[in-house]
Amino acid sequence: MSEDVRLVAWVRGHVQGVGFRWFTRAKALEIGCLQGFALNLGDGRVQVVAEGPRDRCERLLEWLQAGDTPGHVDGVTEIWDTPRGGYDGFAIR
């Protein structure tokens, strides 16, 4: 079994106003065992926080980077950390 981790990703590009957060939540639920959120930032990026097994967080990150998302992703910056908990499912904020 994979260790639990925290992924924080900032997604750049045309990712607001195109259903990006909704599709990110749907993908996280499809992958399963992930908790966290997707949030529009004031500078046009979307922040994605996901906690759960490392392999599942890596699958979500690969999807964010693959371009199979709504809108257009120019790049993704991520950091990895230890889980903090406190999330109830995967939310859109």
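Residues numbered from 1 in each chain as written. Predicted model: local features only at pLDDT ≥ 70, side-chain atom pairs only at ≥ 80, totals over all residues. Heavy atoms only, no water.

Caption draft 1: A look at the pattern of salt bridges. The tally for this structure, following the rule as stated, stands at six salt bridges. A salt bridge links Glu-3 to Arg-54; the nearest nitrogen and oxygen atoms lie 3.5 Å apart. You can see Glu-3 sitting in the segment before strand S1 (4-14) and its partner Arg-54 sitting in helix H2 (residues 54-66), a full 51 residues away along the chain. The salt bridge partner of Arg-6 is Glu-51, with a shortest N-O separation of 2.8 Å. Of the two residues, Arg-6 is situated in strand S1 and Glu-51 in strand S3 (residues 46-53); the sequence distance between them amounts to 45 residues. In this structure, Arg-6 and Glu-51 share a single accessibility class: buried. Connected through shared salt-bridge partners, Glu-3, Arg-54 and Glu-58 make up one network. (Salt bridge = Lys/Arg side-chain N within 4 Å of Asp/Glu carboxyl O. Helix = DSSP H or I, 4+ residues; strand = E, 2+ residues; numbered from the N terminus. Buried < 20%, exposed > 50% of the residue type's maximum accessible area, 1.4 Å probe, protein only.)

Caption draft 2: Here's a closer look at the UniProt feature "active site" (unreviewed entry) in the protein chain. With numbering matched to this structure, UniProt assigns "active site" (unreviewed entry) to Arg-21 and Asn-40. A maximum C-alpha distance of 7.8 Å places the annotated residues, which cover 20 residues in sequence, within one compact spot. Looking at the element boundaries, Arg-21 is found in helix H1 (residues 20-31). Excluding its chain neighbours within four sequence positions, the residues that come into contact with Arg-21 are Ala-38, Leu-39, Asn-40, Val-46, Ile-92 and Arg-93. Relative to the assigned elements, Asn-40 resides in strand S2 (residues 35-40). Looking at Asn-40, the relative accessible area reads 27%, which means it is partly exposed. (UniProt positions renumbered as here; feature names shortened; annotations may be inferred. Contact = heavy atoms within 4.5 Å.)

Caption draft 3: Inspection of the environment of Phe-90 at higher detail. For Phe-90, the location among the structural elements is in strand S5 (residues 90-92). Residues within four places of Phe-90 in sequence aside, it is in contact with Thr-24, Arg-25, Ala-28, Leu-29, Leu-34, Gln-35, Gly-36, Phe-37, Ala-38, Val-48, Val-49 and Ala-50.

Caption draft 4: View of the side chain of Arg-6. You can call Arg-6 buried: its relative accessible area is 7%. A polar side-chain atom of Arg-6 sits 2.8 Å from a polar atom in the side chain of Glu-51. Setting aside anything within four residues of it in sequence, one finds Arg-6 in contact with Val-49, Ala-50, Glu-51, Ile-79, Trp-80, Asp-81, Thr-82, Pro-83, Arg-84 and Tyr-87. (Polar contact = N/O pair within 3.5 Å; in protein donor to acceptor, adjacent residues only side chain to side chain.)

Caption draft 5: Representation of the pairing of S3 within the structure. Within S3, eight of the eight residues are buried, which leaves it mostly tucked inside the rest of the structure. As defined by bridge partners, S2 adjoins S3 across six bridges and the pair is classed as antiparallel. Each residue of the ladder has a partner; that of Leu-39, found in S3, is Gln-47. Counted between consecutive antiparallel strands, the loop separating S2 from S3 contains five residues, among which Gly-44 sits at a positive phi close to 95°. (Pairing = 2+ DSSP bridges.)

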